[in-house]
Amino acid sequence: MSRKKELKQQILSLVGEYYQEVHAPSKEFIPGKTFVNYGGRFFDEKEMTNLIDASLDFWLTAGPWATKFEKHFANWLGVKYCSLVNSGSSANLLAFMALTSPQLKEKQVKRGDEVITVAAGFPTTVSPLVQYGAIPVFLDMDIPSYNIKVEDLEKALSDKTRAVMIAHSLGNPFDLQTVKSFCDEHNLWLIEDNCDALGSLYYMDGAWKLTGTVGHIGTSSFYPPHHMTMGEGGAVYTNDPLLHRLVNSFRDWGRDCWCAGGVDNTCKYRFNKQFGQLPVGYDHKYVYSHFGYNLKATEMQAAIGCAQLEKIDKISEQRRHNWKILREGLEGTPGLILPEPQKNSNPSWFGFLLSVKEEAGYTRNELTQYLESKKIQTRNLFAGNLVKHPAFDEMRKSGTGYRVIGNLKNTDFIMNNTFWVGVYPGMRPEMLQYMISSIREFALSKN
């Protein structure tokens, strides 16, 4: 064995010992003192070993680990192509911007075109549309699925509609059969924001399908509370080779060349073609067909992701198990609306949603403040109603830049009455029971 390999082996052999000493989860749970987090990193020595392994190679930008992750993640999803990026927000940006490429010809989304979405969600599902100059068309949600109200899709349709871009809310798949049929009928793009739903399943066309793989493009986030993590990180995936190439172009500065880093002349015309108004033979590695970005992930992130991917099936099953415990334990709690999975689905839950009824005798804020005082973390359903946030002030005053279908009654209810608690795999049985008893204790005290 070479000295280099010997040193590396010595370093990596200590990682497991360090993990046990510093990062292994505490088995002690003290109700009211130990925090019950809504989510968090779920990892062991394997992720740390991969991280140190990659850092010792000191290949800082995307390289072999990134290539390995893209291949294995695509295989797990059952899709042809995957592009690793630096965040879920970047994944949404790239998924949408790919649709704005002139290379799509008559299918190109242009400024002023409309994209159907929902108002109750996370802003980066909508930000790319607004920043580009497309018009988001906001639909209401159903309760207790907390997903798009599909009966309003036809009402949202206009001669400017070009795409639908929506998220599977907290892991609960939206009605993919109806939404996909609507998009197919009207020749619209479908982007699935799958950032909260990795591992969720939906039954259609006689088979179970992973969410994110039904539409033209799917996106994932690998932020720490999500199903798997790289710290920061995300992915864009598709079965369409042109869309894949466009995503990579926008990710990699907008370049026309598709050679991997450190590889030259894959296309065989690096110095012998003419592009735009550039001189014939201009180096293809420096030809730009789009106004792009640099949104690549690093080798260290990818190395962590490779270890996380080995755990993803176990993670999804544990999230389902934890959600079921909460659902059964909170059945019949006065004043609460409990969540329901979408028909024909098997969600990989991101969280457990609860809504306080108008006539409950207590408010959402009163309940969440009580839970927080008991060291139980809570979160609202992200933006609640996006169009009521300060970012929309100027657009709202001018009356331009977006459309709303109906009165968003359920969206406003969610904004005022809904919150969620965690189901991530780091939850232990005693934590789940503590959450159940605390929620029921408060609700029963008000009735």
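Residues numbered from 1 in each chain as written. Predicted model: local features only at pLDDT ≥ 70, side-chain atom pairs only at ≥ 80, totals over all residues. Heavy atoms only, no water.

Chemist: Requested: an account of the overall build of the chain, with residues and values cited.
Modeler: Along the backbone of the chain there are 14 helices and 15 strands. Taking 2.2 N^0.38 as the reference for a compact globule, 447 residues should give roughly 22 Å; the C-alpha atoms of the chain span a radius of gyration of 23 Å, in line with that estimate. In terms of its C-alpha atoms, the chain occupies a principal-axis envelope of roughly 80 × 65 × 45 Å. Within the chain, the fraction of its 447 residues that count as buried is 53%. A separation of at least 24 residues holds for 74% of the contacts in the chain among residues at least 6 apart in sequence. (Helix = DSSP H or I, 4+ residues; strand = E, 2+ residues; numbered from the N terminus. Rg over C-alpha atoms; globule rule 2.2 N^0.38 Å. Buried < 20%, exposed > 50% of the residue type's maximum accessible area, 1.4 Å probe, protein only. Contact = heavy atoms within 4.5 Å.)

Chemist: I'd like to hear about helix α1 (residues 3–22), residue by residue, with values.
Modeler: Across its 20 residues, α1 extends 29 Å between first and last C-alpha, which sits within 8% of the 28 Å expected from 1.5 Å per residue. At G16, α1 is deflected by roughly 25 degrees, the largest bend along its length. Of all the positions in α1, only L12, V15 and Y19 are classed as buried. Elements that come into contact with the buried residues of α1 comprise α2 (45–57). (Expected span 1.5 Å × (residues − 1). Bend = angle between axes of the 7 residues up to and from the residue.)

Chemist: Give a detailed account of the sheet that holds strand β10 (residues 336–337), specifying residues and quantitative values.
Modeler: If you walk across this open sheet you meet the four strands as β10-β12-β15-β13, and the pairing is antiparallel. Pairing within the sheet leaves two strands with one partner each, and these edge strands are β10 and β13 (379–380). One ladder, built from five bridges, connects strand β12 (residues 351–356) with strand β15 (residues 418–422); its direction is antiparallel. Across the sheet, the residue bridging to L354 is F419, located in β15. (Pairing = 2+ DSSP bridges.)

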